[in-house]
Amino acid sequence: MTRILILGGTTQARQLAERLAGRADLDVTLSLAGRTLAPMRLPVPVRSGGFGGAAGLAQYLAEHEIDRLIDATHPFAADISRAARLAGDQTQVPRLLLLRQAWRRHPLDRWIEVDSIEAAAQIVGRVGRRAFLTVGAGEIDAFAPATGVRFIVRMIDRPRNPLPLRFHEVVLGGGPFALVEERQLLQMKAIDVLVCKASGGAATEAKLVAARELSLPVIMVRRPPVERGLSVDTVEGAIDWLAGLDERPEARRTL
Ligand code: NAP
């Protein structure tokens with residue numbers, strides 16, 4: 001029985017877990033940060049909450065005799081991916097990065113690419129007056145100084161505390177999103193600028209297509225650098241990686 005730990009919190013992690021669940025040769029656990037109130041239903045055992053940095057993750061890998069580590073976290077979740085690299089190196093547990101395919105710019109796209117959320121917040125008021133904000137819940141505070149903008153903020157969970165934005169409304173929703181819905185939302189809310197992170201992947205791409213169709217500018221926060229290591233960008237690729245590895249796990253378990 002090969003023990004696999006998937007670091008998740010993404011659609012791809014769920015899809016991988018769904019594909020691996022029920023395989024008699026694998027013992028799969030999926031790890032979530034524990035931020036979402038009602039996480040998606042998953043077909044494999046789930047553990048939730050931080051490990052306590054790279055050292056904590058290394059300890060988890062050793063204690064649970066994990067044979068393979070698959071980092072299927074979000075492209076902007078840089079801390080956990082760094083911890084996965086360090087813990088994988090330390091314990092010699094083979095690690096795979098399951099990346100999301102980056103979005104490709106279409107000639108008709110009006111993207112303004114920036115390097116950080118803060119940079120997006122600085123320019124949003126110069127680009128539009130009604131912004132559709134689809135960044136993480138923890139990144140909304142950065143937009144507080146943009147007082148001349150009305151924000152339509154999409155969130156997975158209703159915020160527990162009032163958002164620090166002068167003019168805003170919250171729309172609740174989690175991906176995948178259909179083009180027809182995204183187009184309707186942009187039009188209904190009279191959005192004149194979209195703010196998002198270059199997360200990539202199909203589940204949240206429809207808003208970009210809708211923005212293109214409506215010729216709206218998009219302030220796009222670039223991805224942080226990818227951790228070094230073996231990577232694939234499809235669930236199929238991760239399954240192939242598991243099939244191809246035939247190292248003996250016993251040699252790799254000492255810390
Ligand atoms: P992060 O900044 O890289 O991680 C912060 C801390 O959260 C990590 O140091 C780790 O705590 C804990 N953590 C993160 N992912 C974890 C996981 N899968 N299992 C156990 N602990 C985890 O990550 P983040 O940007 O806050 O994202 C948190 C989670 O949400 C990730 O699972 C990510 O895949 C998902 N997510 C993120 C975004 C985004 O835009 N950042 C979007 C959608 C989903 P310790 O140091 O204590 O181990």
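Just above, that's the structure.
Report on the accompanying structure. Because the structure is predicted, anything quoted here is derived from the model rather than measured.

Thresholds, definitions, all that
- Residues numbered from 1 in each chain as written.
- Predicted model: local features only at pLDDT ≥ 70, side-chain atom pairs only at ≥ 80, totals over all residues.
- Heavy atoms only, no water.
- Helix = DSSP H or I, 4+ residues; strand = E, 2+ residues; numbered from the N terminus.
- Rg over C-alpha atoms; globule rule 2.2 N^0.38 Å.
- Buried < 20%, exposed > 50% of the residue type's maximum accessible area, 1.4 Å probe, protein only.
- Contact = heavy atoms within 4.5 Å.
- Lys, Arg positive; Asp, Glu negative; His and termini not counted.
- Charge placed at Lys NZ, Arg CZ, Asp CG, Glu CD.
- Near = heavy atom within 4 Å.
- Polar contact = N/O pair within 3.5 Å; in protein donor to acceptor, adjacent residues only side chain to side chain.
- Areas by Shrake-Rupley, 256 points an atom, 1.4 Å probe, with all protein chains shown as cover.
- Nonpolar A, V, L, I, M, F, W, Y, C, P; charged D, E, K, R; others polar.
- Axes fitted to C-alpha atoms, helices over the stretch in contact; angles between N-to-C directions.
- Parallel < 35°, antiparallel > 145°, perpendicular 65-115°, else oblique.
- Left-handed = near helix turned anticlockwise from the far one by under 90°.
- Pairing = 2+ DSSP bridges.

## Structural notes on the overall build of the protein chain
Looking only at helices and strands, the protein chain has seven helices and 12 strands in total. Computed over its C-alpha atoms, the radius of gyration of the protein chain comes to 20 Å, within 12% of the 18 Å expected for a compact globule of 255 residues. Looking at the protein chain as a whole, 45% of its 255 residues qualify as buried. In the protein chain, the share of contacts with a sequence separation of at least 24, taken over all contacts with a separation of at least 6, comes to 67%. Charge-centre separation for the protein chain: the mean point of 34 positive side chains lies 6 Å from the mean point of 29 negative side chains.

## Regarding the site of the ligand
What surrounds the ligand is a group of 21 residues, the closest being Gly 8, Ser 31, Arg 35, Phe 51 and Lys 197. Separating an oxygen atom of the ligand from a backbone N or O atom of Ala 77 is a distance of 3.3 Å. Within the complex, 76% of the 800 Å² of free accessible area of the ligand lies under protein. Broken down by secondary-structure element, the contributors of at least two residues to the shell around the ligand are strand E2 (26–32) and helix H3 (78–91). When residues in the shell around the ligand are grouped by element, the largest group, three residues, is from H3. Looking at the shell around the ligand residue by residue, the classes come out as seven nonpolar, 10 polar and four charged.

## Description of the packing of helix H1 (residues 11–20) against helix H7 (residues 235–244)
Between H1 and H7, whose axes approach to 10 Å, the crossing angle comes to 50°. Here H1 lies oblique to H7, going by the angle between them. The two elements H1 and H7 cross, and the hand of that crossing is right-handed. From H1, Gln 12, Gln 15, Leu 16, Arg 19 and Leu 20 reach across to H7, where they touch Val 235, Glu 236, Ala 238, Ile 239 and Leu 242.

## Here we look at the environment of Arg 228
In this fold, Arg 228 is placed in the loop between strand E11 (217–221) and strand E12 (231–232). Sequence-wise, Arg 228 and Ile 6 are 222 residues apart; in three dimensions their C-alpha atoms are separated by 17 Å. When residues no more than four places from it in sequence are discounted, the contact partners of Arg 228 are Arg 85, Asp 89, Arg 95 and Leu 97. Here Asp 89 takes part through its side chain, which lies 3.5 Å from a polar atom of the side chain of Arg 228.

## Examining helix H6 (residues 206–213)
Those residues of H6 that sit buried are Ala 206, Lys 207, Leu 208, Ala 210 and Ala 211. Against the buried residues of H6 lie strand E6 (110–114), strand E7 (130–134), strand E8 (150–155), helix H5 (179–188), strand E10 (193–197) and E11. Positive backbone phi, approximately 60°, marks Ser 215, located one or two places after H6.

## Quick word on the sheet that holds strand E4 (residues 68–71)
Read from one edge of the open sheet, six strands run E3-E2-E1-E4-E5-E12, paired in parallel fashion. Pairing within the sheet leaves two strands with one partner each, and these edge strands are strand E3 (46–48) and E12. Bridge count between strand E1 (residues 2–7) and E2: six bridges; the pairing is parallel. Looking at the pairing, Leu 7 lines up with Ser 31 of E2.

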